[in-house]
Each structure stands twice: as C-alpha cells, then as structure tokens.
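These are the residues of each chain, in order.
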Amino acid sequence: MREPYQLAVDARDARFDGVFFVGITSTRVYCRPACKSRLAYDHHRRFFNSAAAAERAGFRPCLRCRPELAPGRLDAVSQLARDAVQRIAAGALNGRAVATLASELGVSERHLRRALERELGVAPHELAQTHRLLLAKRLIVDTDLPMTRVAYASGFQSLRRFNAVFRAQYRMPPTALRRGRRVPEQVEGFLRLTLSYRPPLAWEPLLRALGCEGPRHERSVQIEERTGLVVVENSAADGHLVADIADSLLPVLMPLIAGLRRVFDLDAEPAVIGAHLAERGLAELVARWPGVRVPGRFDGFVSPDEFPETERRLQLMAERWRPWRAYAAQLLRLAQPQSSGSLRARDPLLEAPHLA
Ligand SMILES: [Zn+2]
C-alpha cells in the first residue's frame, strides 16, 4: 500500500497544502503537494512537515507552485509550538535572541528548541530565516519594491546580509527571480499581496462575524508607530485573499501578515475540521456552510479557541476539542441568526450528553 503522503502528491491534493512539503531529490527543489510540475518518482520524493525543514535539508522553493504562499499549519502542533511559530512569523526573532522569545513564552530556551525540533524538525533561527527568505521571495516576485526595501521589510538587518543568505540558500541572486515574471498589478500607494488558504472558505459569514457590511474587509491598522489602511477581498477561484496594504505599513509587514492570517483564520484545515464536526452530528451544518472560520485577534496571539480559565469542563476537554469547539460554535451561530447573546454563555454543544 502506498504511503498517504505519496497518494496526496499523486492526487495533487490541495487539502494538504502547507501540511507537508515534498522535496524532489533529483532537482533539490521542494514543492507544495498540489504542484502542477511533472510528478517525480516515489524514490525521488522526500517529505517535510515544514518549509524550514526542507530548506534545512538543502532544498530550495519551487518557482512554479511557490511554497512561500502555502498556508501555515497550526492545528496539529502543540500550543507552545504554534505560539512560537506565530511569533516567529510576526518577526519575533528579527534581531532578537531565542532566549528572549522563550522567556516571553514562559519556557526555557532549551525547552523551546526541543519542542520546535520535535514538531517541525527545525531550530528556531532556521524557522525565522525561512520566514524571512520566503517573504522576501514573495516581495521580489509580486511587487516592484527595490531590493533594499525588500530586505528590510522581510526582516533582514542589512541588504548585504540578505544577499548573502539568499545566494547561499537558493543558489541564485535575488534579482534572478524578477526575470521573465508577469508584472504584478498594484494600486497606487498600496502593496498588493495574496494570502492563501485551504479551500473552502465561507467568506460571507466570516465578513459578517467581523462586522463588515460590504464584500470586502477594510481596517485601519496601527503596529508600533506605523499606521495605514488595509483592504482585503476574497479571490475564491484562486483560493486566496487579496490584500492591498498601505505603503506606510511596509516596515511592519511581518507582524501585519501574521495578524491578517489570524483575523481570517487562514491556517485552518477545513477538511479536517469538517470531518470532526460531522462525526459529532453537525454534518448538515458543515455541508451548508463549508469552510467556516473563526476570526482571530489581529494584535494578540490568543487562539480563537482559548477558553476562559473558569470553565473547568472546557479545560478538561480542551485538547480533545481544540480547535473544533470554536468552529462548532460558529456553525451553530449561523444556524440561529436571529438569536442574540454570546455562544459562550449558551452553548448547545456543551449540553450534548455524548460529549460530557
Ligand atoms: Zn512546485
């Protein structure tokens, strides 16, 4: 019987986007599972549970499927690893020490290193470097920003360092990525970036949950001393959101992208969530609103499914429920649009006898 990873690659299954990456040993390139490039032989495939692990092993990102655009993966790792990953994605290790991050997370540096090594197969600085390189790669391909601005916006401390790291890791100069690319569409004064997700995405309910009136989400953002407007729309056919980000926000791009991914819950795995909820008797609602998301907080690292300390029963079930409960609540909220009041106060799922 073939391994599930092999089957997912054979089927170019987008549900596994960002869940794992496949490195092709004959070309030393790594891909998203759904890459449309020619399929490699089984024995030429190596599987990695993070882009950083593939890069550690000497693979460089595919220019066709662009692993830098894959959604992140948070559901399957421990709370510590996901907190660390989110903070690193937001720039926590740009010019800062691993020890500082560890103390912010309330653990020792050694504990943090071991957790990331075990769950993602990488060291903290490798994860940070991959984030910086992949963001730089996106900015090179998708914008016309000068290289100096690309370097700083993606968290490098100098242009020289950026050039050196890029060449060492990808075996080409950064400018090589601009040759022959399609000139990106941009709005004056804004930077246009895409934010990918694993389809389906219930966009209308998500907008409503965020209090939006029209078909797009607009927010005025402040990070550190930087302020500016961000406008986000869904491009459902492409499986990504399109974000127009005011130029003034460029220096805080890493925390900004991390914040937007949380707000729209873009790292969720709807296929897995849907299957779990269907098992618990919500199949009808899952079918009615496929890809429901739980909006997260822009400026905090609190998971959408974090429970109040006082809810003892929820705490006991937390691991088993994470993060399904929050999605169930969202579906139930949709099914009862006229009801008011918070779902936390009145949670029909919690009352279900088979879950107690
Ligand atoms: Zn590829």
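Residues numbered from 1 in each chain as written. Predicted model: local features only at pLDDT ≥ 70, side-chain atom pairs only at ≥ 80, totals over all residues.

A look at the overall build of the chain
Reasoning step 1: What the chain contains, in helices and strands, is 14 helices and 8 strands.
Reasoning step 2: For the chain, buried positions account for 39% of its 356 residues. (Helix = DSSP H or I, 4+ residues; strand = E, 2+ residues; numbered from the N terminus. Buried ≥ 20, exposed ≤ 12 C-beta atoms within 10 Å, placed from the backbone.)

Focus on unusual backbone geometry
Reasoning step 1: Look at the link from Pro199 to Pro200: it is a cis peptide, with omega at 0°.
Reasoning step 2: You can see Pro200 is positioned in the loop between strand S5 (190-196) and helix H9 (203-209).
Reasoning step 3: Located in the positive-phi region is Arg28, a residue other than glycine, with phi close to 60°.
Reasoning step 4: Position of Arg28 relative to the elements: it lies in the loop between strand S1 (21-24) and strand S2 (29-31).

What about the sheet that holds strand S6 (residues 217-223)?
Reasoning step 1: Reading across the sheet, the 4 strands line up as S5-S8-S7-S6 and stay open at both edges, with antiparallel pairing between neighbours. Every interior strand has two partners, whereas the edge strands, S5 and S6, have only one. Direction aside, neighbouring strands of the sheet carry axes that sit 25° apart on average.
Reasoning step 2: Here 6 bridges tie strand S7 (residues 226-235) to strand S8 (residues 240-246), and the two strands are oriented antiparallel to one another. Note that in S8 the partner of Val232 across the bridge is Ala243.
Reasoning step 3: Set on the sheet, helix H10 (residues 253-263) makes contact with S5, S6, S7 and S8; between it and S6 the angle comes to about 140°. (Pairing = 2+ DSSP bridges. Axes fitted to C-alpha atoms, helices over the stretch in contact; angles between N-to-C directions. Contact = placed C-beta atoms within 7 Å.)

Digging into the confidence of the model for the chain
Reasoning step 1: With 87% of its residues at a pLDDT of at least 70, the chain reaches an overall mean of 85.
Reasoning step 2: Averaged over each element, pLDDT in the chain is lowest for helix H14 (residues 348-351) (46) and highest for S7 (97).
Reasoning step 3: Long-range and interchain partners of residues 303-315, a stretch whose pLDDT sits below 50, account for 14 contacts in this model, where long-range means more than four residues apart.
Reasoning step 4: Low confidence marks residues 339-356, where pLDDT is under 50. Its contacts with residues over four positions away, or in another chain, come to 10 contacts. (pLDDT = per-residue confidence, 0-100.)

Quick word on the packing of helix H3 (residues 79-89) against helix H6 (residues 124-142)
Reasoning step 1: Contact geometry of H3 with H6 gives a least axis separation of 9 Å together with a crossing angle of 45°. With respect to H6, the axis of H3 lies oblique. Between H3 and H6 the crossing geometry is right-handed. Of the residues in H6, those touching H3 at Val85, Ile88 and Ala89 are Pro124, Leu127, Ala128 and His131.
Reasoning step 2: For the contact of H3 with H6, the residue count by class is 6 nonpolar, 1 polar and no charged. (Parallel < 35°, antiparallel > 145°, perpendicular 65-115°, else oblique. Left-handed = near helix turned anticlockwise from the far one by under 90°. Nonpolar A, V, L, I, M, F, W, Y, C, P; charged D, E, K, R; others polar.)

Remarks on H6
Reasoning step 1: Given a rise of 1.5 Å per residue, 19 residues ought to cover 27 Å, and the 27 Å separating the end C-alpha atoms of H6 matches this to within 8%.
Reasoning step 2: With 16 of its 19 residues buried, H6 lies for the most part within the structure. (Expected span 1.5 Å × (residues − 1).)

Considering the packing of H3 against helix H5 (residues 109-120)
Reasoning step 1: One can describe the packing of H3 onto H5 by two numbers: an axis separation of 10 Å at closest approach and a directional angle of 95°. The orientation of H3 with respect to H5, classified from their angle, is roughly perpendicular. The residues of H5 that touch H3, namely those facing Leu80, Ala81 and Ala84, are Leu112, Ala115, Leu116, Glu119 and Leu120.
Reasoning step 2: Taken together, the residues that form the contact of H3 with H5 break down as 7 nonpolar, no polar and 1 charged.

Regarding the nonpolar core
Reasoning step 1: In this structure, Phe21, Tyr30, Cys31, Ile88, Leu127, Ala136 and Leu256 are the most contacted members of the largest nonpolar core, which totals 73 residues.
Reasoning step 2: For this core, the element with the most residues is H6, which contributes 8 residues.
Reasoning step 3: Leave out the neighbours within four places in its chain, and Tyr30 touches Phe21, Val22, Gly23, Phe48, Ala54, Phe59, Pro61, Cys62 and Pro67.
Reasoning step 4: Membership of the second largest hydrophobic core comes to 14 residues, among which are Ile273, Leu277, Val292 and Ala326. (Core = buried A, V, L, I, M, F, W, Y, C linked by C-beta atoms within 7 Å.)

Side note on the environment of Thr175
Reasoning step 1: Within the element layout of this structure, Thr175 appears in the loop between helix H8 (159-170) and S5.
Reasoning step 2: Measuring from C-alpha to C-alpha, the distance between Thr175 and Met147 comes to 8.1 Å, with 28 residues separating the pair along the chain.

With respect to the pairing of S1
Reasoning step 1: The two faces of S1 match: Phe21 and Gly23 on one face and Val22 and Ile24 on the other face are all buried.
Reasoning step 2: Strand direction decides the pairing type here: S1 and S2, joined by 3 bridges, are antiparallel. Bridging from a neighbouring strand, Val22 pairs with Cys31 of S2.
Reasoning step 3: What sits between S1 and S2 in their antiparallel hairpin is a turn of 4 residues, with Arg28 showing a positive phi close to 60°.

Things to note about H10
Reasoning step 1: With respect to burial, H10 is a largely interior element, 11 of its 11 residues being buried.
Reasoning step 2: Taken residue by residue, H10 has Leu253, Met254, Pro255, Leu256, Ile257, Ala258, Gly259, Leu260, Arg261, Arg262 and Val263 as its buried positions.
Reasoning step 3: Phi turns positive one or two residues past the end of H10, at Asp265, with a value near 55°.

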